[in-house]
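Letter by letter, the chains look like this.
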Amino acid sequence: PLLPNPTARVQVIHNSADAAAASVDVWLNDALLINDFAFRTASSFIDAPATIGFTVGIAPPTSTSASESIATFNFNLDEGGTYIITANGIVSGSGYNPATPFDLYATPDAREAAATAGNTDILVFHGCTDAPTVDVAEISVVNATLVDDISYGDYRGYLEVPASDYVLQVQLADGTPVVSYQAP
């Protein structure tokens, strides 16, 4: 469907670790926006309506209409804005402790490219429903804490670093390592 002018740019990230949401359909008003959207994947940046309200619906992967959505969220984006929207939390009524409710977390001023040529810009989002406030450190090149005290549902960044092979480590507040990720 053709989008009305004006528009904003949006990337959607599926980070809901609930097995019941392993794959979902994403609806924009009554139009299927993303079919069979898998956990831990991201869309490319797309054009979305700006300055007018619209509804994002999250539905089972077999959905045939937006009316089958299990959760809906209303947005009104700024014209020319760039956003990242992260789906996070739990949709199941049981089986998870804590059962942090499913939600869409949006951040404005997203970047589609690094602010400086030759750099990589890193945006950090705390999306682990059962983790405390944590730090994020780089332990192979910079060897320093990059993000201090980030809590569930928060975005932090942008970290602007020269393009290289990094190791990002999530740590408890006292510096105890939780998990490390290769970040080439």
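Everything numeric here is computed off the predicted structure, so don't read it as measured data.

Engineer: When you look at the side chain of Gln11 in this model, what are you seeing that I'm missing?
Structural biologist: Checked against the element boundaries, Gln11 lands in strand β1 (residues 7-14). Overall, the relative accessible area of 15% leaves Gln11 in the buried class. Ignoring any residue separated from it by four or fewer positions in sequence, one finds Gln11 in contact with Ala42, Ser43, Ser44, Phe45, Tyr83, Ile84 and Ile85.

Engineer: When you look at the environment of Phe75 in this model, what are you seeing that I'm missing?
Structural biologist: Within the element layout of this structure, Phe75 appears in strand β7 (residues 71-75). Accessibility expressed as a relative area gives 12% for Phe75, which makes it buried. Taking the C-alpha atoms as reference points, Phe75 and Ser23, 52 residues apart in sequence, are found 22 Å from one another. Discounting chain neighbours no more than four positions away, the residues touching Phe75 are Ile52, Gly53, Phe54, Val56, Ile85, Leu104 and Ala106.

Engineer: In this structure, what is going on with the sheet that holds strand β11 (residues 134-138)? I would like to understand it.
Structural biologist: The strands that make up a sheet are held in pairs by hydrogen bonds between backbone atoms, and each pair lies either parallel or antiparallel. Here 4 strands make up an open sheet; going across it, the order is β12-β11-β14-β15 and the pairing antiparallel. Edge positions in the sheet fall to β12 (144-150) and β15 (177-183), since each of these pairs with one other strand and no more. Recorded for the sheet is a direction-independent mean angle of 20° between the axes of neighbouring strands. Bridge count between strand β14 (residues 166-171) and β15: 6 bridges; the pairing is antiparallel. Across the sheet, the residue bridging to Tyr166 is Ala183, located in β15.

Engineer: What's the story with the packing of aromatic side chains in this structure? I'm lost.
Structural biologist: In this description, an aromatic ring pair is defined by two values, namely the gap between the centres and the angle between the planes. Per the stated rule, a full pass over the model turns up 5 aromatic pairs. Pairing Phe73 with Phe102 gives two aromatic rings, centres 6.0 Å apart and planes at 55°, and the pair type is tilted. Placement of the pair is Phe73 in strand β7 and Phe102 in the loop between β8 (82-88) and β9 (103-107), with a sequence separation of 29 residues. No difference in accessibility class separates Phe73 from Phe102, as the two residues are buried. When the centroid spacing of 5.9 Å and the interplanar angle of 80° are considered together, the rings of Tyr105 and Tyr152 count as edge-to-face. Of this pair, Tyr105 sits in strand β9 while Tyr152 sits in the loop between β12 and β13 (155-162), and the two are 47 residues apart along the sequence. Connected via pairs of aromatic rings, a cluster forms that spans Tyr105, Phe125, Tyr152 and Tyr155.

Reading guide: rules and limits
- Residues numbered from 1 in each chain as written.
- Predicted model: local features only at pLDDT ≥ 70, side-chain atom pairs only at ≥ 80, totals over all residues.
- Heavy atoms only, no water.
- Helix = DSSP H or I, 4+ residues; strand = E, 2+ residues; numbered from the N terminus.
- Buried < 20%, exposed > 50% of the residue type's maximum accessible area, 1.4 Å probe, protein only.
- Contact = heavy atoms within 4.5 Å.
- Pairing = 2+ DSSP bridges.
- Axes fitted to C-alpha atoms, helices over the stretch in contact; angles between N-to-C directions.
- Phe/Tyr/Trp six-rings, centres within 6.5 Å; stacked < 30°, edge-to-face > 60°.

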